[in-house]
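Observations on the model geometry
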Amino acid sequence: RKEVEQDPGPFNVPEGATVAFNCTYSNSASQSFFWYRQDCRKEPKLLMSVYSSGNEDGRFTAQLNRASQYISLLIRDSKLSDSATYLCFYNQGGKLIFGQGTELSVKP
Amino acid sequence: NAGVTQTPKFRILKIGQSMTLQCTQDMNHNYMYWYRQDPGMGLKLIYYSVGAGITDKGEVPNGYNVSRSTTEDFPLRLELAAPSQTSVYFCASSTTGVGETQYFGPGTRLLVL
C-alpha cells in the first residue's frame, strides 16, 4: 500500500456545488494531519489542521478517520476562487508525507 | 514580516555545476525544511532542521547538502547538478514542532541541462 493516496482529479464542479476529497494513509501511528492549498506554480499554504473531532472553518470541513486511515476535506458552496490543488499532509513520527494533490476546478 | 524568502527564483544549471539555494525566515522559527516538487507530484522532503546546528535527512537527500548556522538561514547546496534534480524547490519553516503548521517560501525553479 502506498504511504499516501489522493485522487489527482481534476474535479470539475459548478459554482455552489459541494465537493469532497479523501486522502488515505498507510501508517496507523501517524500523528498530525493537515490540508494545504496550492495555486498553480505557487507555494503551498495551510488550509486547515485535521483533528479526530473534526475541524470546520467557514465552508471547509476536515475530518480524520483513524479506523479507516483517511482524512477528508469537504468544501460547501464552491467559489471560483476555490480552484486550486489540495494537498494532504501528515507527520508519521517525524517522517513528513505530502500527498500528490487533488486538483479542483470550479466553473461558473 | 517577510516570512520565508528564497533566492534565486529561477536558475538554469549545466550538468556537473554546483549552486546554493538560499532560504531565510524572519519569524524566529526553530524548524526549517527543504522540499522538492516534481511536476504533478506532491512535495518530497530533502532535509530538515530542528534548530541552529542540527540537521537531518528527509526522504530524498542524495545529491544535496544543508547547513544551519543561524536560526534564520537554511541554505541547500547542490554539488554536482544532474538532470534528475530539475524541480521546484520549496523551503518552509514551522514554530511548534517538526511537521507542524508550515510556512512556505515562493520556491526556486531549477532546470538542469
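Going by the structure above, here's the rest.
I will try to describe carefully the structure that is included in this document. (Residues numbered from 1 in each chain as written. Chains lettered and ligands numbered in written order. Predicted model: local features only at pLDDT ≥ 70, side-chain atom pairs only at ≥ 80, totals over all residues. Heavy atoms only, no water.)

Moving on, we come to the environment of Tyr-47 of chain B. Residue and element names in this part refer to chain B. Tracing the sequence through the fold places Tyr-47 in strand S5 (residues 43-51). Here Tyr-47 falls in the buried class, since its relative accessible area comes to 8%. Sequence-wise, Tyr-47 and Val-112 are 65 residues apart; in three dimensions their C-alpha atoms are separated by 20 Å. Setting aside chain neighbours within four positions, we find Tyr-47 in contact with Met-32, Tyr-33, Trp-34, Asp-56, Lys-57, Gly-58, Pro-61, Tyr-64, Asn-65, Val-66 and Phe-74. (Helix = DSSP H or I, 4+ residues; strand = E, 2+ residues; numbered from the N terminus. Buried < 20%, exposed > 50% of the residue type's maximum accessible area, 1.4 Å probe, protein only. Contact = heavy atoms within 4.5 Å.)

Now for the layout of surface pockets. One number sums up the size of the largest pocket: a volume of about 560 Å³. Of all elements in the fold, only strand S9 (84-92) of chain A together with strand S9 (87-94) and strand S11 (108-112) of chain B reach the threshold of two or more residues within the lining of the largest pocket. Considering only residue class, the lining of the largest pocket consists of ten nonpolar, eight polar and six charged. Lining the second largest pocket are 15 residues, and of these Val-4, Phe-98, Gly-99 and Gln-100 of chain A together with Lys-44 of chain B lie nearest its centre. Within the residue set of the lining of the second largest pocket, elements represented by two or more residues are strand S1 (4-6) and strand S10 (95-98) of chain A together with S5 of chain B. Looking at the lining of the second largest pocket residue by residue, the class counts come to six nonpolar, four polar and five charged. (1 Å grid on protein atoms, 1.4 Å probe; cavity = no way out; pocket = protein on both sides within 12 Å on 5 of 7 lines; lining within 4 Å. Points joined across faces, edges and corners; volume = space filled by probe spheres on them. Nonpolar A, V, L, I, M, F, W, Y, C, P; charged D, E, K, R; others polar.)

A word on the nonpolar core. Formed by 24 residues in total, the largest nonpolar core has its most connected members in Phe-21, Trp-35, Ile-71, Leu-73, Ile-75, Tyr-86 and Leu-104 of chain A. Of all elements in the fold, only strand S3 (19-25), strand S4 (33-38), strand S5 (44-50), strand S7 (60-65), strand S8 (70-75), S9 and strand S11 (102-107) of chain A reach the threshold of two or more residues within this core. Not counting the four nearest positions on each side in its chain, Phe-21 of chain A is found in contact with Phe-11, Trp-35, Ile-71, Ser-72, Leu-73, Ile-75, Tyr-86, Thr-102 and Leu-104 of chain A. Core analysis: the second largest hydrophobic core is formed by 19 residues, Met-19, Trp-34, Phe-74 and Tyr-89 of chain B among them. (Core = buried A, V, L, I, M, F, W, Y, C linked by side-chain atoms within 4.5 Å.)

Across a sheet, paired strands are connected by hydrogen bonds in the backbone, their directions being either parallel or antiparallel. All names here are of chain B. Taken in spatial order, the four strands of this open sheet run S1-S3-S8-S7, and their pairing is antiparallel. Across the chains shown, the open sheet's two edge strands, defined by having one partner strand only, are strand S1 (4-7) and strand S7 (64-66). Geometrically, the sheet is characterised by an average inter-axis angle of 20 degrees between neighbouring strands, direction not taken into account. Relative to strand S8 (residues 76-78), strand S3 (residues 19-25) runs antiparallel, the two sharing three bridges. Within S8, the position partnered with Leu-21 by the bridge is Leu-76. (Pairing = 2+ DSSP bridges. Axes fitted to C-alpha atoms, helices over the stretch in contact; angles between N-to-C directions.)

In this complex, chain B contributes 20 residues to the contact, which on the side of chain A involves 18 residues. When the two sides are added together, the surface that chain B and chain A hide from each other amounts to roughly 1,500 Å², 54% of it contributed by carbon and sulfur. Taken as a group, Leu-43, Phe-104 and Arg-109 of chain B account for 29% of the area that chain B buries against chain A, more than any other trio of residues on that side. Applying the counting criterion to the chain B and chain A interface returns zero salt bridges. Counting the contacts that link chain B with chain A gives five residue pairs in polar contact (both at pLDDT 80 or more). Mapped onto the side of chain B that touches chain A, the elements with two or more residues apiece are strand S4 (31-37) and S5 of chain B. (Buried area = accessible area lost by both parts, 1.4 Å probe. Salt bridge = Lys/Arg side-chain N within 4 Å of Asp/Glu carboxyl O. Polar contact = N/O pair within 3.5 Å; in protein donor to acceptor, adjacent residues only side chain to side chain.)

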